[in-house]
Amino acid sequence: FHTGYFDLSTAWDLGQYNQLIWNSLHGRLLEGSFVLDTRTFLGKSFTPILLAFVPLYAVWSDPRVLLIVQVVALGIGAFPLYWCARARIGRPLALVLGFAYLLSPAVANIGLTEFHEIALATPLLAFATFFLLRRQYPGFCASLAVALLVKEEIAFSASAFGAYIFLLQRKRVLGFTLVLFGAVWIAVLLQSVIPFFRGAEYGS
């Protein structure tokens, strides 16, 4: 699967997500042929964030949309990183840290060769951390809520945030609630939601 100057991409990753979103645009909710034991990708992984690409595909149905959005999302992650660092180590060193993130070969490799929905969690969790450190809990909860739509394992991040709030910020009720929510969320997704979308015909 080649996309011109994105010629390092392969059909399995970029092609799979392109198919899922193209099918969703045409009324087949995250259906694909790459995973054989489920009709919809939600029967494999809880990734409703992919539906956010459907309006973009209505304008331009091209897999490069996925790569462009992924690069932009990873780039946006530098802003909360910089803001967090600036409050603690000053503007010059915070700029160095931000540019180090943007120039990291690992980040570049993620952004330019394949598409993985988990990369979309990077800016969301970065903003959640930024708001959490400033004790701006509405912004924190909003960022985390959207991040939970990226993939089921983000529930573990929610519990980790809850532990931090409970132990270090001493917000006992909020922290305990978030730890418990993360545990319940992942259990419900793995035991009920994902099997439901897989369907009985695939051994849900």
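Residues numbered from 1 in each chain as written. Predicted model: local features only at pLDDT ≥ 70, side-chain atom pairs only at ≥ 80, totals over all residues. Heavy atoms only, no water.

Participant: Give me the lowdown on empty space enclosed by the protein, citing residues and values where you can.
Facilitator: A complete count under the given rule lists one cavity of 30 Å³ or more for this structure. Estimates place the volume of the largest cavity at around 50 Å³. What lines the largest cavity is simply Q16, Q19, L20, E31, G32, S33, F34, V35, T38, R39, T40 and F41. Across the lining of the largest cavity, the residue classes tally to four nonpolar, six polar and two charged. (1 Å grid on protein atoms, 1.4 Å probe; cavity = no way out; pocket = protein on both sides within 12 Å on 5 of 7 lines; lining within 4 Å. Points joined across faces, edges and corners; volume = space filled by probe spheres on them. Nonpolar A, V, L, I, M, F, W, Y, C, P; charged D, E, K, R; others polar.)

Participant: I'd love a proper account of unusual backbone geometry, names of residues and values included.
Facilitator: Note: most residues except glycine have negative phi, and most peptide bonds are trans. For L30, which is not glycine, the phi torsion reads 50° and is therefore positive. In this structure, L30 sits in the loop between helix 1 (11-25) and helix 2 (54-59). One non-glycine residue, R135, lies in positive phi territory at about 55°. Topologically, R135 is positioned in the loop between helix 7 (121-133) and helix 8 (137-147). Relative accessible area serves as the criterion here: at 44%, R135 is assigned to the partly exposed category. (Helix = DSSP H or I, 4+ residues; strand = E, 2+ residues; numbered from the N terminus. Buried < 20%, exposed > 50% of the residue type's maximum accessible area, 1.4 Å probe, protein only.)

Participant: An account of the environment of D62 is requested, with residue identities and associated values reported.
Facilitator: Along the polypeptide, D62 turns up in the loop between helix 2 and helix 3 (64-76). Overall, D62 belongs to the buried group, its relative accessible area being 12%. Here the alpha-carbon distance between D62 and N18, two residues 44 residues apart in the chain, equals 7.5 Å.

Participant: Residue-level account of the packing of aromatic side chains, with values.
Facilitator: Enumeration over the complete set of coordinates arrives at twelve aromatic pairs. Plain terms: the ring middles of W83 and F127 are 6.1 Å apart, the flat faces sit at 65° to each other, and that makes the pair edge-to-face. One end of the pair, W83, is in helix 4 (residues 78-89); the other, F127, is in helix 7, with 44 residues separating them in the sequence. Here F127 falls in the partly exposed class, since its relative accessible area comes to 21%. Residues F196 and F197 carry aromatic rings whose centres are separated by 5.3 Å and whose planes lie at 75° to one another, so their mutual orientation is edge-to-face. For F196, a relative accessible area of 64% translates into the label exposed. By the ring-pair criterion, three or more aromatic residues cluster together here, those being F79, W83, F127, F130 and F131. (Phe/Tyr/Trp six-rings, centres within 6.5 Å; stacked < 30°, edge-to-face > 60°.)

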